[in-house]
Amino acid sequence: MITQIDRTLALQIVNTVKDVCGQDINFINKSGIIFASTNSERMETYHEIGHKAAQTNQTIEVTSDDTYTGTQNGINLPIYHNNILLAVIGITGEPDKVRKYAHLAERITNLLIREREINMFSRSQADKKHFVIDSLIRKSNTNMNYLNDCLKEFSIDIVTPKRLILIKIDTRYNIANLSLLEQKITQMFHLIPLQLYTFHYPNEYLAVIDDEIFKKNSSVLQRFAMDYRKLLKVTVGKSGSIYQLADSYSSAVTAWKSITDATEGFLVFDDLTLEIILSGLTSPEREEFLSKTIASLSKDERILLKTYYQEDMSLLHTCEQLFLHKNTLQYKLNGIDQKCGLNPRKFKDAVLLYLALKLYDS
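Residues numbered from 1 in each chain as written. Predicted model: local features only at pLDDT ≥ 70, side-chain atom pairs only at ≥ 80, totals over all residues. Heavy atoms only, no water.

Another aspect to go through is the overall build of the protein chain. When its secondary structure is counted, the protein chain shows 14 helices and ten strands. Split into buried and exposed, the 362 residues of the protein chain put 44% on the buried side. Taking the contacts inside the protein chain whose residues are at least 6 apart along the sequence as the reference set, 58% of them involve residues at least 24 apart. Roughly 20,000 Å² of accessible area belongs to the protein chain as shown, and the carbon and sulfur atoms make up 50% of that amount. Averaging the locations of the 42 positively and 43 negatively charged side chains of the protein chain gives two centres separated by 5 Å. (Helix = DSSP H or I, 4+ residues; strand = E, 2+ residues; numbered from the N terminus. Buried < 20%, exposed > 50% of the residue type's maximum accessible area, 1.4 Å probe, protein only. Contact = heavy atoms within 4.5 Å. Areas by Shrake-Rupley, 256 points an atom, 1.4 Å probe, with all protein chains shown as cover. Lys, Arg positive; Asp, Glu negative; His and termini not counted. Charge placed at Lys NZ, Arg CZ, Asp CG, Glu CD.)

Shown next, in the form of structure tokens:
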């Protein structure tokens, strides 16, 4: 709730009121100092009648017959919000002419104050949601009583299993257009519906979803990912307690790293197999494994191998997919064997090559 008005809001009020009535407007604090005005020369000057109006809680009119310090003809009315005196608005001009604007000025002021309060509440709610999710995924030392109060405020049942939804925007996307994409993401969250979500700088949206709700709405997420596959990817972490959200987030990141064109930008951690093992490798370990397997192969040779294994090592089906003659395919497979020392047609070597291809694409 607003109990005092800052200069930014005060300037917005005086300019808005002037746009309506065409008269200079002063915003006077309880001490009689003009701290916002459409007449820059009067800024920070003392307004005796404004001070008196604040002290007496009464509207005071000033005419040419009156002589007061720092005061011109006009009407000065106290402005209240929730029964608290915030300031005094002074409308410059002959009282008979500007009196009709007094109620309008009061109304405009209250509307702008209410708009600020709504924005503050929305921001406060968004900040709380960010605090909750950020605290849980980072396992940070935080005030658990406050955290639980926030969860209760957002009607989050701490008993039912939860999952973390990760929406990661392509870094090539123009951040200047983020507000439009944010609107689409928020609309999708409301459709499910979800209460607890936040933006995670610089390009992630995180949301908490009940496991049962996810099962009923996974198609919504998949369709959304498909519709915006050029801009973002959607992954879902494993199920667990709300207090295990860090694990769900970590598994959602693993799923994100495992996304391929075939997944159409949507992947659930539960559907991963080898990717779980591969995700645990360090960068040096990845490079070492690739150097011993497929590092020497060309892009075309890697594509050939991927197709070969996707077709269950069938020469016939691989030839059909790649438009190759059987002899040509066998020649190319022999060439791969000679280059990397692993025979694509032998089970043990095929396993190593398949793992290397999965690792290369992750």
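In this section: a nonpolar patch on the surface. Together, Met144, Ile158, Val159 and Tyr243 make up a nonpolar patch on the protein surface, roughly 370 Å² of accessible area in all. Its location among the elements puts Ile158 in the loop between helix H5 (144–153) and strand S6 (162–169). (Patch = residues over 30% accessible without salt bridge, like charges linked within 9 Å, V, L, I, M, F, W, Y side chains within 5 Å. Salt bridge = Lys/Arg side-chain N within 4 Å of Asp/Glu carboxyl O.)

Within strand S8 (residues 204–210), six of the seven residues are buried, leaving the element largely enclosed by the surrounding structure. Bridging between S6 and S8 involves seven bridges; their strand directions are antiparallel. Following the sheet pairing, Leu164 is matched in S8 by Val208. Across four bridges, strand S7 (residues 197–200) lies against S8 in antiparallel orientation. Paired with Tyr197 across the bridge in S8 is Ala207. Between S7 and S8, which follow one another and run antiparallel, lie three residues. (Pairing = 2+ DSSP bridges.)

Attention now moves to the pairing of strand S2 (residues 34–37). Looking at chain direction, strand S1 (residues 25–28) and S2 are connected through three bridges and run antiparallel. The partner of Ile28 across the bridge, within S2, is Ile34. Adjacent in sequence and paired antiparallel, S1 and S2 are bridged by five residues, among which Gly32 carries a positive phi angle near 90 degrees.

Time to look at unusual backbone geometry. Omega for the bond connecting Ile192 with Pro193 falls within 30 degrees of zero, at -5 degrees, which places this linkage in the cis form. The phi angle at Asn57 is positive, at roughly 60 degrees, despite the residue not being glycine. Taking relative accessible area as the criterion, Asn57 reaches 44% and is therefore assigned partly exposed.

What follows is about the pattern of salt bridges. A complete count under the given rule lists 14 salt bridges for this structure. In this structure, the salt-bridge partner of Glu153 is Lys128, at a minimum N-O distance of 2.9 Å. Of the two residues, Glu153 is situated in helix H5 and Lys128 in helix H4 (residues 102–138); the sequence distance between them amounts to 25 residues. With its nearest N and O atoms 3.4 Å apart, the salt bridge here joins Lys292 to Glu288. When salt bridges that share partners are traced, they join Arg163, Asp211, Glu212, Lys215 and Asp270 into one network.

In space, the five strands of this open sheet follow the order S7-S8-S6-S9-S10, with mixed pairing throughout. Edge positions in the sheet fall to S7 and strand S10 (266–268), since each of these pairs with one other strand and no more. On average, each strand axis in the sheet is inclined to that of its neighbour by 20 degrees, with strand direction left out of account. Sheet analysis places S6 next to strand S9 (residues 232–236), joined by five bridges and oriented antiparallel. (Axes fitted to C-alpha atoms, helices over the stretch in contact; angles between N-to-C directions.)

Turning our attention to the confidence of the model for the protein chain. Confidence along the protein chain averages 88 in pLDDT terms, with 94% of residues attaining 70 or more. Highest mean pLDDT in the protein chain belongs to S6 (96); lowest belongs to helix H9 (residues 274–278) (71). (pLDDT = per-residue confidence, 0-100.)

What follows deals with the packing of aromatic side chains. This model, assessed by the stated rule, comprises seven aromatic pairs. Relative to Tyr309, the ring of Tyr308 has its centre 5.4 Å away and its plane inclined at 50 degrees; by these criteria the two rings are tilted. Between the aromatic rings of Tyr309 and Tyr354, the centroid separation amounts to 6.2 Å while the plane-to-plane angle is 90 degrees, which identifies the pairing as edge-to-face. Of this pair, Tyr309 sits in helix H11 (residues 299–310) while Tyr354 sits in helix H14 (residues 347–361), and the two are 45 residues apart along the sequence. The class of Tyr309 is buried, set by a relative accessible area of 11%. Since its relative accessible area comes to 34%, Tyr354 is described here as partly exposed. (Phe/Tyr/Trp six-rings, centres within 6.5 Å; stacked < 30°, edge-to-face > 60°.)

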